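Structural overview for review
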Amino acid sequence: MRFQLFAAALALGLGLGGAAHAQDPFIAARAVSETFEPARPNADQQASVVKRLKALEARTGRKPNILILLVDDMGWGDPGAFGGGTAIGAPTPAIDRIAREGLKLTSTYAQPTCTPTRAALMTGRLPARTGLTRPTLTGERVLVSPWANEKTAAALLGEAGYMTALSGKWHLGEAESDQPQQVGYDEYFGIFSALAEYTQALDERRYPELIFNAERMAALRQLSHPAVMAARKGEKATVATELDSLEKVAEIDQQFAAYSEDFIHRAAKARKPFYLVHSFSRVHNDNFSAKDFKGKSPAANPYKDAVIEVDAIVERLMKKLKDEGVADNTLVFFTSDNGANEDAGSDGGFQPWRGGKGTTWEGGVRVPGIAYWPGMIKGGRESDGLFDLLDLFNTSVLLGGGKLPDDRYIDGVDQTSFLLADNGRSNREAVFMYSERSLTAIRWEEFKIHFKVFQTPVPGSNIDESTLVSTGLSPWVYNLYLDPKEQKSVGHRTFEWGLPRVVGLVGRHMATYRKYPMKELGLAKPVQ
Ligand code: CA
């Protein structure tokens, strides 16, 4: 009976604003307009935070800086602050310090793979809406520019007077019109794709079928130029470093770090607020240790060397903020773009959850999250409140005094008061999880409800050998406080009271696509 209700809710598409529907008393979120995701109002914390931000701006004379530290493929459990670190052969003292002196967010969610998360973080919109539903691959011709009708946080903050830069991995389109300097960033210094797209042309032991075949190598060269690229707004990108050896590939994060330090210095000198996305190429496979880190992790393994390199770069950038006198006017957010990649074996990370990158089990989407801002975020805070990386869009733009677009659906919510109030609570009601264009699961309160699940007959082969199947009559339900590894669904047995809540949330969510539909860029599989 109640599952028929679920189907009916989806079919009808529960009202957008809820005017015709009574508010569910279990749900705290309120709709403010049909183009914004409803948010929990938390009016008390909002008022106090606005006051503190005004006082800070009066003191510094400008809006705050925003530094997003985005690691590639780091598992929730890799940093020591999240249970890994020394215990798994790669101590992370710098990450642990900002977690300890800032806010540790234990329920931060990414999308299951690289490109979708980056698109979500930069636009505040779910990948199904932007069309960036899966990683783009070298030389792939996307039919429609993903950026034709999208607006990045960088563009909006640029309009508000910010200096903006992307340092490191982009992975949101390689065509000239889709590069960072064409979609809102003042500056770009980095690589267009994931690390393996570069190592595949260099690592003979792993990719002999490609490297020892001259025709294939020539074809690959026609499609992509392996290099660290540099660009200024609106200009054509130029080669900064040719990536023609594994030794050069191994050093690129050191280059990105040096670039970010320089950018921070120039922004501080110009006395302008900045928005910097520092996007590591680490710790995505294939990891080759930089010379200063080779064998230096206790595990003496290239993945673990990459983790300690990331940690050392976090330390460098935190020191740079301090040295330039801007640490107390900078929100730092540390996170990863998806869960650990179990398919990569020992070249992948660690997490205590089920599944890994590519799935919407917790292991694919739950990532470390740390918000750090000396003087503005009270040290020692921890929260399990929901934070979706989509929220960095709203939070960054509004902190910077920018204007959010109201002509499209924005799935992010403003989390400023959650991050800054001493006992701040999350403003997000639920996290909607997707595989490409399919809604697979939802996190609400401490519950995870699956409508479609990834089945992985070969353990750890989440990307390469899994199937996505619909659940039966009941959605699969886990209380993540009692069953954090999602091992035994309680289905309808202990969550009957909650199912109508979730049905309502999903029904409302699906209804938003009527007016603000999914976009098709040509990334779908040719056979469905
Ligand atoms: Ca990734």
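What you see as residue numbers is a count from 1 along each chain, following the sequence as written. At least 70 in pLDDT is required for a residue's local features to be given in this predicted model, at least 80 for side-chain atom pairs to be given and counted, and no such filter applies to totals for whole chains, interfaces and linings, which use all residues. Values shown for side chains rest on all heavy atoms present in the structure; no hydrogens or waters enter the calculation.

**Remarks on the domain arrangement of the protein**
- The domain limits used here are those given by an automatic or database domain assignment. As assigned here, the protein comprises domain 1 (2–40 + 432–511) and domain 2 (65–198 + 227–424).
- Centre-to-centre separation of domain 1 and domain 2, based on C-alpha positions: 27 Å.
- The contact criterion used throughout is that any non-hydrogen atoms of two residues lie within 4.5 Å. Each partner contributes to the interface: domain 1 provides 32 residues, whereas domain 2 provides 35 residues.
- In this assembly, domain 1 packs against domain 2 so that about 2,800 Å² is buried in total across both faces, 54% of it on carbon and sulfur atoms.
- The salt bridge criterion pairs a side-chain nitrogen of Lys or Arg with a carboxyl oxygen of Asp or Glu, the two atoms within 4 Å. Linking domain 1 to domain 2 there are 2 salt bridges.
- Across the pair Lys-448 and Glu-362 runs a salt bridge, and its minimum N-O distance is 2.8 Å.
- Secondary structure elements follow DSSP: runs of H or I of four or more residues count as helices, runs of E of two or more count as strands, with numbering from the N terminus. Sorting the residues of the side of domain 1 that touches domain 2 by element identifies strand S12 (430–435), strand S13 (438–444), strand S14 (447–450), strand S15 (452–455), strand S17 (476–479) and helix H16 (499–515) as the ones contributing at least two each. In short, buried area is how much 1.4 Å probe accessible area vanishes from two parts on joining, totalled over both.

**Quick look at the pattern of salt bridges**
- Considering all chains together, one arrives at 37 salt bridges under this definition.
- Taking the shortest distance from any N to any O, the salt bridge between Glu-309 and Arg-282 comes out at 2.7 Å. Remark: Arg-282 occurs in the loop between strand S7 (274–279) and helix H12 (302–323) and Glu-309 occurs in helix H12; sequence separation between them is 27 residues. The pair formed by Glu-309 and Arg-282 is uniform in burial state, with each residue classed as buried.
- For the salt bridge of Arg-428 with Asp-391, the shortest nitrogen-to-oxygen distance reads 2.6 Å. Of this pair, Arg-428 sits in the loop between helix H15 (416–420) and S12 while Asp-391 sits in helix H14 (residues 391–399); the two residues are 37 residues apart in sequence, bridging distant segments of the chain. Only protein chains enter the area calculation, which uses a 1.4 Å probe; residues under 20% of their type maximum are buried, those over 50% are exposed, and those in between are partly exposed.

**What to know about the pairing of strand S2 (residues 103–109)**
- When you tally the buried positions in S2, you get 7 out of 7 residues, the bulk of the element.
- For two strands to pair, DSSP has to find at least two bridges joining them. Here 5 bridges tie S2 to strand S9 (residues 366–372), and the two strands are oriented antiparallel to one another. Counterpart to Lys-104 in the pairing with S9 is Ile-370.
- Pairing of S2 with strand S10 (residues 381–383) involves 3 bridges; the strand directions are parallel. Each bridged residue has a counterpart across the sheet, and for Leu-105 the counterpart in S10 is Ser-383.
- Where S2 meets strand S11 (residues 387–388), 2 bridges bridge the pair, whose relative direction is parallel. The partner of Thr-108 across the bridge, within S11, is Phe-387.

**Describing the coordination of the calcium ion**
- Here the term donor refers to an N, O or S atom within 2.8 Å of the metal (or 3.2 Å for Na, K and Ca), and because water is left out of the atoms, sites may appear incomplete. Distances from the calcium ion to its protein donors, Asp-72 (OD), Asp-73 (OD), Cys-114 (SG), Asp-337 (OD), Asp-337 (OD) and Asn-338 (OD1), fall within 2.2 to 2.6 Å.
- Bound by 6 donor atoms, the calcium ion shows angles of 54 to 162° at the metal and therefore irregular coordination geometry.
- Donor residues binding the calcium ion come from one chain and are separated in sequence as D-D-x40-C-x222-D-N. Here Cys-114, found in helix H4 (residues 114–123), pairs with Asn-338, found in the loop between strand S8 (330–336) and helix H13 (362–365); they are 224 residues apart in sequence, far enough to count as distant.
- A relative accessible area of 2% means that Cys-114 is categorised as buried.
- Asn-338 gets classed as buried once you look at its relative accessible area, which sits at 0%. For four-coordinate sites, all angles between 85 and 135 degrees define a tetrahedron; for four- and six-coordinate sites, opposite donors beyond 155 degrees with the remaining angles between 65 and 115 define square planar and octahedral shapes respectively, and all other cases count as irregular.

**Details of unusual backbone geometry**
- In this structure, the amide linkage connecting Arg-282 to the following residue, Val-283, adopts the cis form with an omega of 5°.
- Mapped onto the fold, Val-283 is located in the loop between S7 and H12.
- At the junction of Asn-285 and Asp-286, the peptide bond is cis and its omega measures out at 5° in the coordinates.
- Checked against the element boundaries, Asp-286 lands in the loop between S7 and H12.
- The backbone of Asp-73 shows a phi angle near 70°, a positive value even though the residue is not glycine.

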